[in-house]
Number of protein chains: 2
Amino acid sequence: MDSYIEIIGFIAAFLTTAAFLPQVYKTWKTKDVSGLSMPMLAMFFTGVVTWLIYGILKNSPSLIFANSITTLSAFLLVYFKAKYNKK
Amino acid sequence: MDSYIEIIGFIAAFLTTAAFLPQVYKTWKTKDVSGLSMPMLAMFFTGVVTWLIYGILKNSPSLIFANSITTLSAFLLVYFKAKYNKK
């Protein structure tokens, strides 16, 4: 039963992390960070790290997997914003 | 112990859903959907609905709360993309 729930979790993890990667790739390629807001990125990054902690406390492999990857993606966006921001 | 974990979950839920709302507001105001990709939005929407199912199966109030709001946000973006897309 629990492994059946985790399969659903991993489908969710695949879909939401995969949908996020093109944004990271586009920002990396174009160096266009004008549409990104640092306070929002910082809030999102902190939120994803908090979900990761929640996943660890709940012993949820799919939450840990998804939020590890999204933590990395969100960190890259924060880094790009800091590096390429002209204003 | 479990309620302490849920407090962490709700902090995460607040941060990630709040970080997402400005995108919905901006898209609604500007009607500019050129930077949004329908396949990615559809993938994200499906993923968030799957997380919602996962949260229900895991009896996780914070996952259910976060993904209910994000399902609505993602649905609005899909709707705006379909409505305002010129190409």
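A few points on the structure. For clarity, every value in this text was computed on a predicted model and none was experimentally measured. (Residues numbered from 1 in each chain as written. Chains lettered and ligands numbered in written order. Predicted model: local features only at pLDDT ≥ 70, side-chain atom pairs only at ≥ 80, totals over all residues. Heavy atoms only, no water.)

## Here we look at the environment of G9(A)
You can see G9(A) is positioned in helix α1 (residues 2–30). The spatial distance from the C-alpha of G9(A) to the C-alpha of A66(A) is 9.0 Å, given a sequence separation of 57 residues. If we ignore the near neighbours within four places in the chain, the residues touching G9(A) are S62(A), W51(B) and Y54(B). (Helix = DSSP H or I, 4+ residues; strand = E, 2+ residues; numbered from the N terminus. Contact = heavy atoms within 4.5 Å.)

## Side note on the side chain of S62(A)
In this structure, S62(A) sits in helix α3 (residues 61–84). The residues touching S62(A), leaving out its near neighbours within four places in the chain, are E6(A), G9(A), F10(A), A13(A), W51(B) and Y54(B).

## What to know about helix α2 (residues 38–57) of chain B
Over its 20 residues, α2(B) extends 29 Å from the first C-alpha to the last, a length consistent with the 28 Å expected when each residue adds 1.5 Å. Within the sequence span of α2(B), burial applies to L41(B), F44(B), G47(B), V48(B), T50(B), W51(B), L52(B), Y54(B) and G55(B). Packing partners of the buried residues in α2(B) comprise α1 and α3 of chain A together with α1 (2–30) and α3 (61–84) of chain B. With its phi angle positive at about 50°, N59(B) sits one or two positions after the end of α2(B). (Expected span 1.5 Å × (residues − 1). Buried < 20%, exposed > 50% of the residue type's maximum accessible area, 1.4 Å probe, protein only.)

## Looking at the interface of chain B and chain A
In this assembly, 32 residues from chain B lie in contact with 32 residues from chain A. Of the roughly 2700 Å² buried between chain B and chain A on both sides combined, carbon and sulfur atoms contribute 78%. Where chain B touches chain A, the interface holds 2 salt bridges. Taking the shortest distance from any N to any O, the salt bridge between E6(B) and K58(A) comes out at 3.7 Å. One can count 8 residue pairs in polar contact (both at pLDDT 80 or more) joining chain B with chain A. Of all the secondary-structure elements, those providing two or more residues to the side of chain B that touches chain A are α1, α2 and α3 of chain B. Residue composition of the side of chain B that touches chain A, by class: 20 nonpolar, 9 polar and 3 charged. (Buried area = accessible area lost by both parts, 1.4 Å probe. Salt bridge = Lys/Arg side-chain N within 4 Å of Asp/Glu carboxyl O. Polar contact = N/O pair within 3.5 Å; in protein donor to acceptor, adjacent residues only side chain to side chain. Nonpolar A, V, L, I, M, F, W, Y, C, P; charged D, E, K, R; others polar.)

Purely geometric stuff here, so don't read any function into it on its own.
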